Amino acid sequence: EALAELQKQQSSEQGAIQSKLDEATKQVDAEFRKADTESNKLRSDAEKQAEAEKKKAEDDDGWWGWVKDAANVIAEALDKITSFISDLFQKAQEAINNIVTAARDFAISVIDSATSWVKDKLNAFKGWLQTAVNDLLSDRFPKLAEALNSVIDKAFATLNSALDIISDGVKAARNEQSVEL
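Residues numbered from 1 in each chain as written. Predicted model: local features only at pLDDT ≥ 70, side-chain atom pairs only at ≥ 80, totals over all residues. Heavy atoms only, no water.

Per the stated rule, a full pass over the model turns up two salt bridges. Asp-153 is the salt-bridge partner of Lys-126, the closest N and O atoms lying 3.2 Å from each other. Linking Lys-126 in helix α2 (residues 63-137) with Asp-153 in helix α3 (residues 142-180), this pair joins segments that are 27 residues apart in sequence. Residue class for Asp-153 comes out partly exposed when judged on its relative accessible area of 35%. (Salt bridge = Lys/Arg side-chain N within 4 Å of Asp/Glu carboxyl O. Helix = DSSP H or I, 4+ residues; strand = E, 2+ residues; numbered from the N terminus. Buried < 20%, exposed > 50% of the residue type's maximum accessible area, 1.4 Å probe, protein only.)

What follows is the structure in structure tokens.
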């Protein structure tokens, strides 16, 4: 009888344990099904979102559109930079040309002024020389004074021509140097 009671108690306990195990198994299975359902929903949502992002990326308004817009912006920026550099270079070249032209014009005016000054000094010397010849010779040897004055005129005309040739040569050389700059 004790054995029967023990077996009965054991069977009752085993039944309670099995019932508890079955209930726990049902709860665990329910939780796994719930987790599986939720994970499937999350996976499905993620796939839908990925598909939507893929579609969005394929559209111009999406990522590729942004890349194209960025490429256009970069191309426009490069065009503007190139144009700016080209304009800057052109303005610098114009400024350099203006400086060279101004320097050339200044050099020519200095050469012309120097030539004019030398000619004035030569003419003053010629006048002094002819006066000296006349003072010394015109009373006693008027024909000699006249002949010497004629030689002086020709010599100073030749000097003036030589000065003009030299001046023009220096100006031409100056122009060639400024063109090389």
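Resuming the write-up.
On to the confidence of the model for the protein chain. Predicted confidence across the protein chain gives a mean pLDDT of 75, with 64% of residues reaching 70 or more. Mean pLDDT per element in the protein chain: helix α1 (residues 2-58) is the minimum at 66, and α3 is the maximum at 85. (pLDDT = per-residue confidence, 0-100.)

Turning to the side chain of Asn-149, a few remarks are in order. With respect to the element layout, Asn-149 can be found in helix α3. On the basis of relative accessibility, which here comes to 12%, the residue Asn-149 falls in the buried class.

Another point: the packing of aromatic side chains. Taken as a whole and judged by the stated rule, the model has two aromatic pairs. Taken together, a centroid distance of 5.7 Å and an interplanar angle of 25 degrees make the contact between Phe-125 and Trp-128 stacked. Taken together, the positions of Phe-125 and Trp-128, both in helix α2 and three residues apart, correspond to about one turn of that helix. Looking at Trp-128, the relative accessible area reads 54%, which means it is exposed. Consider the rings of Phe-125 and Phe-156, whose centres lie 6.1 Å apart with planes at 50 degrees: the pair is tilted. Of the two residues, Phe-125 is situated in helix α2 and Phe-156 in helix α3; the sequence distance between them amounts to 31 residues. Owing to a relative accessible area of 42%, Phe-125 belongs among the partly exposed residues under this scheme. In this structure an aromatic cluster arises from ring pairing among Phe-125, Trp-128 and Phe-156. (Phe/Tyr/Trp six-rings, centres within 6.5 Å; stacked < 30°, edge-to-face > 60°.)

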